[in-house]
Amino acid sequence: MAYLSELQLSEMQFKALGENVKVSDKAAIYDPHLIEIGDNSRIDDFCLISGVVYIGKNCHITPMCLVAGGSVGVSLADYCTLAYGVKVFAQSDDYSGETMVNSLIPKKYKNELFAKVTLSKHVVVGANSVILPGVDLAEGCSVGASSLVTKSTAPWGVYVGTPAKRIKQRSTNLLKLVDMFENDSTFSNKKNTS
């Protein structure tokens, strides 16, 4: 995987760009002036990031993900991970048949839903899952592979299915490792090479 150089990233004119950010040269980034990316975050091959998007520190968006912030936004707090093929939408057409759909139709003939999506710290979303507009994934939640998240979650839950439902509590042990990780000189004093 090849990454864009620091010069290439700076020429894209992101709204904000942290240190040691890695963006694949095969990722599609639309509206970079609306996108903020924090320190040590990474966007991999064949991802599409568009609209108002905030990506915190130490976030990983793995290959083939879509983050569509639209005008209202998608926010990923620090330490979030989107596994392969995750889709996050902050807007959607009305599928009821009461209005027309698709981006080629003027807005006066449509009834689009626009609602911000928030992923709090330490959220991990499993492969091929979909997060719909207006969902807030609370701190520490994990979403199982191929789940459809239609409603906001409670902290530190494990959610799976279509629609996603809480099946158990997620361990908070990882919080004990955060301070150690952030103070680890082998990581913090050199560029992230992973």
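Owing to the predicted nature of the structure, the values given are computational and were not obtained by experimental measurement.

**Q** Account for the environment of Glu36, with residues named and values stated.
**A** Inspection of the secondary structure puts Glu36 in strand β4 (residues 35-37). Each C-alpha atom, one on Glu36 and one on Gly51, is 11 Å from the other, the two residues being 15 residues apart in sequence.

**Q** Summarise the pairing of strand β21 (residues 157-160); cite the residues concerned and give the values.
**A** Pairing geometry for strand β19 (residues 142-143) and β21, over 2 bridges, is parallel. Note that in β21 the partner of Ser142 across the bridge is Val158. Pairing of β21 with strand β22 (residues 165-169), which is carried by 4 bridges, proceeds in the antiparallel orientation. Each residue of the ladder has a partner; that of Val160, found in β22, is Lys165. Between β21 and β22, which follow one another and run antiparallel, lie 4 residues, and Gly161 among them has a positive phi close to 105°.

**Q** Outline unusual backbone geometry, listing residues and values.
**A** Going from Thr162 to Pro163, the amide bond is cis rather than trans, its omega being -5°. Following the sequence through the fold, Pro163 ends up in the loop between β21 and β22. A positive phi is found at Asn102, a non-glycine position, where the angle reads about 100°. You can see Asn102 is positioned in the loop between β13 (91-92) and β14 (113-114).

**Q** Tell me about the environment of Glu139, residues and numbers included.
**A** Within the fold, Glu139 resides in the loop between β18 (136-137) and β19. Residues in contact with Glu139, not counting those within four places in the same chain, are Ser120, Lys121, His122, Pro155, Trp156 and Leu175.

**Q** Explain the state of the cysteines residue by residue, including any values.
**A** All chains considered together, the criterion is met by 0 disulfides. Of all cysteine sulfurs, the one in Cys65 lies closest to Cys47, which takes part in no disulfide; the gap is 4.8 Å. Note on Cys141: no disulfide assigned, nearest cysteine sulfur contributed by Cys80 at a separation of 10 Å.

**Q** Can you break down the pattern of salt bridges residue by residue, with the values?
**A** In the structure shown here, the tally under the stated rule is 6 salt bridges. Glu112 is the partner of Lys107 in a salt bridge, and the nearest nitrogen-oxygen pair spans 3.2 Å. Residue Lys107 is classed as exposed on the basis of its relative accessible area of 59%. Several salt bridges converge on common partners, so that one network encompasses Asp93, Lys107, Lys110 and Glu112.

**Q** How would you sum up the sheet that holds strand β9 (residues 66-68)? Please name residues and give values.
**A** Ordered in space as β3-β6-β9-β12-β17-β20, the 6 strands form an open sheet in which the pairing is parallel. Here the strands that pair on one side only, and so sit at the sheet edges, are β3 (28-29) and β20 (148-149). Of the strand pairs in this sheet, β3 and strand β6 (residues 48-50) are connected by 2 bridges, and their pairing is parallel. The residue of β6 that forms the bridge with Ala28 is Leu48.

**Q** Explain the nonpolar core residue by residue, including any values.
**A** Soluble globular proteins: nonpolar side chains tend toward being buried together. Core analysis: the biggest nonpolar cluster contains 38 residues, and Val23, Ile43, Ile61, Leu82, Leu119, Val125 and Leu137 have the highest contact counts within it. Discounting chain neighbours no more than four positions away, the residues touching Ile61 are Arg42, Ile43, Asp44, Cys47, Ile49, Ile55, Val67, Leu76 and Leu82.

**Q** A description of the sheet that holds strand β2 (residues 22-23) should follow, citing residues and the corresponding values.
**A** What the 8 strands build is an open sheet, ordered β2-β5-β8-β11-β16-β19-β21-β22; its pairing is mixed. Of all the strands in the sheet, just β2 and β22 have a single pairing partner and so form its edges. For strand β5 (residues 42-43) and strand β8 (residues 60-61), the ladder comprises 2 bridges, and the chain directions are parallel. The residue of β8 that forms the bridge with Arg42 is His60.

Calculation criteria
Residues numbered from 1 in each chain as written. Predicted model: local features only at pLDDT ≥ 70, side-chain atom pairs only at ≥ 80, totals over all residues. Heavy atoms only, no water. Helix = DSSP H or I, 4+ residues; strand = E, 2+ residues; numbered from the N terminus. Pairing = 2+ DSSP bridges. Contact = heavy atoms within 4.5 Å. Disulfide = S-S within 2.5 Å. Salt bridge = Lys/Arg side-chain N within 4 Å of Asp/Glu carboxyl O. Buried < 20%, exposed > 50% of the residue type's maximum accessible area, 1.4 Å probe, protein only. Core = buried A, V, L, I, M, F, W, Y, C linked by side-chain atoms within 4.5 Å.

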